[in-house]
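Chain residues, written in single-letter form:
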There are 2 protein chains.
Amino acid sequence: MNKTKQMKTLDGNTAAAHIAYALSDVAAIYPITPSSNMAEICDEWAAYGRKNIFGQTLKISTMQSEAGAAGAVHGSLVSGALSTTFTASQGLLLMIPNMYKISGELLPAVFHVSARTLSTHALSIFGDHSDVMAARQTGFALLASASVQEAMDLALVAHLSAINSRVPFLHFFDGFRTSHEMQKIEIIDYKDIARLVDRKAVTAFRSRALNPECPHQRGTAQNPDTHFQNREAANPYYLALPGIVSEAMAQVSTLTGRCYHLFDYVGAADAENVIICMGSASDTVEGTVKFLCSRGEKVGMIKVRLYRPFSGEHFLKVLPASCRRIAVLDRTKEPGSPGEPLYQDVCTTLMEAGQAKQVVGGRYGISSKEFTPSMVRAVFDNLDAPEPKNHFTVGINDDITNSSLKIKEKIHVAPPGTYCCKFYGLGSDGTVSANQNSITIIGDNTDLYAQAYFVYDSKKSGGITVSHLRFGPKPIRLPFQVWRPSFVACHNPSYVTRYALLEGIREGGTFLLNSPWNLEEMELRLPAEMKRIIARKKIKFYNIDAVKIASEVTLGGRINVIMQAAFFKTTKVIDPALAFAEMEKMIEKSYGKKGPKIVEKNIAAMNKAIAALEEIRYPDSWAEAENGALFIPEEAPQYVRDVVYPMLALQGDQLPVSAFQPDGVVPLGTTRYEKRGTAVKVPIWIPDLCIQCNQCAFVCPHAAIRPYLSREDDLKMAPDGFTTVKANGKKTDGKLYYRIQVSPLDCTGCGNCVDTCLAKEPALEM
Amino acid sequence: MNKTKQMKTLDGNTAAAHIAYALSDVAAIYPITPSSNMAEICDEWAAYGRKNIFGQTLKISTMQSEAGAAGAVHGSLVSGALSTTFTASQGLLLMIPNMYKISGELLPAVFHVSARTLSTHALSIFGDHSDVMAARQTGFALLASASVQEAMDLALVAHLSAINSRVPFLHFFDGFRTSHEMQKIEIIDYKDIARLVDRKAVTAFRSRALNPECPHQRGTAQNPDTHFQNREAANPYYLALPGIVSEAMAQVSTLTGRCYHLFDYVGAADAENVIICMGSASDTVEGTVKFLCSRGEKVGMIKVRLYRPFSGEHFLKVLPASCRRIAVLDRTKEPGSPGEPLYQDVCTTLMEAGQAKQVVGGRYGISSKEFTPSMVRAVFDNLDAPEPKNHFTVGINDDITNSSLKIKEKIHVAPPGTYCCKFYGLGSDGTVSANQNSITIIGDNTDLYAQAYFVYDSKKSGGITVSHLRFGPKPIRLPFQVWRPSFVACHNPSYVTRYALLEGIREGGTFLLNSPWNLEEMELRLPAEMKRIIARKKIKFYNIDAVKIASEVTLGGRINVIMQAAFFKTTKVIDPALAFAEMEKMIEKSYGKKGPKIVEKNIAAMNKAIAALEEIRYPDSWAEAENGALFIPEEAPQYVRDVVYPMLALQGDQLPVSAFQPDGVVPLGTTRYEKRGTAVKVPIWIPDLCIQCNQCAFVCPHAAIRPYLSREDDLKMAPDGFTTVKANGKKTDGKLYYRIQVSPLDCTGCGNCVDTCLAKEPALEM
């Protein structure tokens, strides 16, 4: 295909939704993290009247649960509409009963799943393959995408193959890791998609629909005399499937220039040690394998794309004859099984082929646990051990059953010229949105490839967010966090003593801090360790008082535009002048709906930021700094000290297995040791203005502001300055005293209390 | 244990419920075929105040769905109550989300599952392992019982092991085949159970409950930093499980004298060919293996009892070193998998052990398809083939993908002295209940072992039922249908031309027919084939006009007691005098609630039957009979001729795979070719008495009686004798004519129409 590539910066969910929308008549949905965006995006597109390749607007219906969504998809397929849905985790579990029906009736559904952990000892909204593995026996084909680009390319393969084969598809990619990672990728045009679709197959599908003009019956009840025979009647459809998917992959490969097969081998032609894996780990392993091969190691890897049907024939074709040892990586855990599913499939295939290789299986990346090149190295090291561990874990320290592999060597595989950044923000402060903007600006205005991944905790608003951004001249296939950043931004001054912000920062890198401090104050406010790193690594250190600027332009706590401008000015990843011009456009786009005033405020903030950014000329003595701010955790029970505090310091990954109760039980009353104190401003109560309506307490999302009534006796022991007023209301009998009390460490500074105050002049001010 | 055995005749559901009741504080239920009886029995016991081993009455709650039942079990466990539930098929699917939670929190639930087919191209209420296999990854332990006795013994192992290990158990046995098979088994006394329970473990469980006196938190949300580690923290519980289950099996073995291990090997010590299977097939394979070994063949089999955790170590210990070829039988189908689950587990285990044996896998018994010794023979034959088929099917004719094995030899493995009977009845005519009574009488009053299995179609009332009864001096472990009966009873005269009733009957066997025919009429009414078999095999042929007797004693269509008495009188399996005395007791027990009149009627019917039974002295000429009644199916479309008619003739098992649409689609309008004509009496409308209330049509469960209005013009073409009356009602304007029309071939003769008639004297009579 000789044509201009259309590049866009978007996330995995959007990439998959782009294809799902193109090729579906109906989507029945029930949103669940991390798949919700797919449904939401399709809903938005449908609301704007976007047309699919059949010239129709997608009909999208929100059901009462995922079970209902799957049922509606089933019904919709039976009535001749190409149908899709989007789900994950518990949502997928609720779809399983209908999945058996949909596959049993050979209906070409496509489910797009951003694979997520199932709840066991604890809930997790993060990613692994436990959900899709719980559906592997339903008769659906399972197709795995490893990256944002693949989430688009293989979504297309899934839809084309479903139409051509009649077998339903579950197309999946790693929840958060791929679903929420932003990448600059090539967009497949709907016109090109339209050309690839087998119209005869679509017509044949529609002609099989239940309709009064060709009535028939389906979903009957069968007895032992006939059910088994009928169950075997669909065998030819499954036997044909590997061929059909191969063909669709060939079509998509021709169209895009990106080459896909059921299994893809990467590595040395004479590899002895081979890793087999699926999903986003593929890119990590591929990068590491190439790196190790460049060192002369005989290693290789197989990416599994079509997981069901598992074509042993195709698998054996790509496995090099030289291979002696295999490690199969599963991103799920099935307690009691002789091995995790992909491992068992590989064992079965090799057993049938009579190939007596050494095969071990291991678990990694459960619930979005990081999976890095260094861990890949550990997996290869294990294969080289005299007695390789089987059923190992990698990425954790299992000090109970000693399943875990030791990491001996740290490996860095980013392509040369890749610029890596980390941003520490506060949930809802706009950091993540600003970074999404930034990589879109960079992606759309340069030839650079861009990647962004956002680490949230599940506290939502007020929790910490860490944005991991990479830019570079080559495609960035690094589905793990930045650990050697060239740029670090800290959007909240309280973080300097809480987190190891500068861990891994490169020599000569840049550190951008939002704080109200001058150099003198920094001597006191920054921890010694941070000062030493800054000085020893010759870090370019910038400060900006973003809160002050936001306040000056009356933007409240929203410092995102300010920090974004500072980022562009300090890093120069892109010509700052261009960046600021693009930022203005983005501001218009993002805030235009809210009126010209908000747009103006944001543009003013941007300009102030450019002017206010200050490079800190720190003294050389910082290299040997011994004094500085300390983070002093409160005296606390052992569990809080041993488990909670490391987690709060973003060191939870280091906690060993023995730190946890096997049944997920935890002590009560631990939140009192987790006062985050993230509010830059907290409300002050003005008793004289207060009308005692209590609305401030009612709207506070963190229960951080509360009204109290006291008796005169109670107040005798009140500390100085503990102001109260006579309480209103007949029943108080004139004997009770009223006070609004703020809990400053629990307050997030959102200002809802001030905004909602019913008094003539607000009785609260920030 | 030196004590008198308590033997009872009961089914698999009752056997499992006996243990579940003993060891549970709470059962949260939502009944589903074929598990419903477990819940119903427990409910009944609880209503009567039966005590569990803790001296409590089981608290049983019916929820809104199986999802709710599993949720309630989860909650109940968390609050410290030993909890159980009973389910199957789609019901189990709805429990999966909670199962992950229950196992993740190490809560010792026990689910008893009568394993049933999942709905795919068609629904089926019958048995296979597709449901339990859909739950194998949930972290539950899976324990399989192969027979009614095991359903009791291993249910106990499941409860004991759950308490001792903290891991929840799914105890399963084959739906219908085991759940509804009646067997004379040894009952485990609650006092003995109480002695086996580890009270300390129970106390420890209760002390972990969520309660205000030792508050804690469970089911938290975890993030990528800690979820993986915590997920590995339960490893020791799963590693300990095989040992704990082995110990519980040893305890139960000591108590009962019946020996159980995680895997049990049966067969030649030097076996070369070994079958591995699970569930009721185990007894079939065991019987066949013993038979083949007695012929000198080097064959063996392994019964899988603890399926999860699958202990490769224990498996390899029982596999004879001489084994060269293995066939793994799976009672489920997972399209797209490299092999069904048990097959994959065996492959994985052998791969890990470096044992290069030839392993093939096959599917059998899907949806209660018969699995017989002859099929076991075919599986062994396949292993001996130069290139054994892998991923085979057995028990069907797969003429599409040629997966099926050919059956070359028919094998009979019943222990000597086993007396086999078959009864053809009409659903709701009481045949099944009478047979249940009969085997209880025989079981309780003799040293004979007894087995009864009832083949229903899913038409419920009015469908055909075939009861398969066996009696004998040795335990009867034949979990397949009787195919060489010594006794055949036909409870409905219309069956003689419809079914091959005497197929396989033994030389000198007995045939008991319910018909109003004398010998002369039989010449015309019986098909030639039947007459030839009767004469050539020197069958003792008895007739009884049960309908006449039932009518004489005003019992309506209930001929069960009459046929039962005739059975006892003709077979003499038990002293007839004793049998009749016991029948009287049973009649009192069964009908006592309905008043003395019904009891008297039934006893009268019994006595009349004893007197009226007539041996038919058929002529020798029957041996060469050429003439007789024919079953002439109506002219019908091809699908009806090729598929529906064989199914109606109970020949559906012979239909090949190619007879079916792969997506389960069937043509419409086929019921018109399935007029069963099973009513012995049909209602006649008496126009003069009719008040035109239409209640008869309203209550008819088969839409076989309908009111019609006609205009005078319409009636011009009416046939002779087409009586109508002036229609009532203002709106008829005096111009319409009314008629009640019965469809005799659709009528089942239930008499509901007559019973409900609102006229002073019934306007309908049978």
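Residues numbered from 1 in each chain as written. Chains lettered and ligands numbered in written order. Predicted model: local features only at pLDDT ≥ 70, side-chain atom pairs only at ≥ 80, totals over all residues. Heavy atoms only, no water.

Description of the confidence of the model for chain A
Confidence in the prediction of chain A, expressed as mean pLDDT, is 94, and 99% of residues score 70 or more. Two summary scores accompany this predicted model of the complex, namely pTM at 0.93 and ipTM at 0.93. (pLDDT = per-residue confidence, 0-100.)

Some remarks on the pairing of strand β3 (residues 59–62) of chain A
Residues and elements named next belong to chain A. By the bridge criterion, 4 bridges tie strand β2 (residues 26–29) to β3 in an arrangement that is parallel. Across the sheet, residue A27 finds its bridge partner in β3, namely I60. One crossover worth recording links β2 to the parallel β3 by way of helix α2 (residues 36–47), and it is right-handed. (Pairing = 2+ DSSP bridges. Helix = DSSP H or I, 4+ residues; strand = E, 2+ residues; numbered from the N terminus. Right-handed = clockwise from strand over helix to strand, strands pointing away.)

Regarding the sheet that holds strand β9 (residues 263–267) of chain B
All names here are of chain B. The mixed open sheet is built from 6 strands, whose spatial order is β9-β11-β10-β13-β14-β15. Each edge of the open sheet carries a strand with a single partner, namely β9 and β15 (392–394). Neighbour-to-neighbour, the strand axes of the sheet open up by a mean angle of 25 degrees, direction not taken into account. The pairing of strand β14 (residues 358–364) with β15 spans 3 bridges and is parallel. In the strand pairing of β15, G362 is matched with F392. Sheet strands touched by helix α13 (residues 341–353): β10 (273–278), β11 (299–304), β13 (325–330) and β14. Its angle to β13, the strand with the most contacts, is close to 145 degrees. (Axes fitted to C-alpha atoms, helices over the stretch in contact; angles between N-to-C directions. Contact = heavy atoms within 4.5 Å.)

Section: the sheet that holds strand β14 (residues 358–364) of chain A
Residue and element names in this part refer to chain A. Within the open sheet, the 6 strands sit side by side as β9-β11-β10-β13-β14-β15. Their pairing is mixed. A strand with exactly one partner marks an edge of an open sheet, and here the two such strands are β9 (263–267) and β15 (392–394). Geometrically, the sheet is characterised by an average inter-axis angle of 25 degrees between neighbouring strands, direction not taken into account. Taken together, the 6 bridges between strand β10 (residues 273–278) and strand β11 (residues 299–304) define a ladder with parallel strand orientation. Bridged to V274 within β11 is G300.

Here's the deal with the interface of chain B and chain A
Opposite the 105 residues of chain B that make contact, chain A presents 105 residues. Both faces combined, the contact of chain B with chain A buries some 9100 Å², and carbon together with sulfur accounts for 61% of it. The largest share of the area that chain B buries against chain A comes from B:H121, B:F228 and B:M351, three residues that together contribute 9% of it. Taken together, the links from chain B to chain A amount to 6 salt bridges. We note a salt bridge from A:D663 to B:R166, for which the minimum N-O separation is 2.7 Å. On the surface where chain B and chain A come into contact, there are 47 residue pairs in polar contact (both at pLDDT 80 or more). Elements supplying a minimum of two residues to the side of chain B that touches chain A: α4 (89–104), α9 (227–232), α10 (235–256), α13, β14 and β15 of chain B. Among the elements that make up the side of chain B that touches chain A, the one with the highest residue count is α13(B) (9 residues). Among the residues making up the side of chain B that touches chain A, the classes are represented as 45 nonpolar, 39 polar and 21 charged. (Buried area = accessible area lost by both parts, 1.4 Å probe. Salt bridge = Lys/Arg side-chain N within 4 Å of Asp/Glu carboxyl O. Polar contact = N/O pair within 3.5 Å; in protein donor to acceptor, adjacent residues only side chain to side chain. Nonpolar A, V, L, I, M, F, W, Y, C, P; charged D, E, K, R; others polar.)

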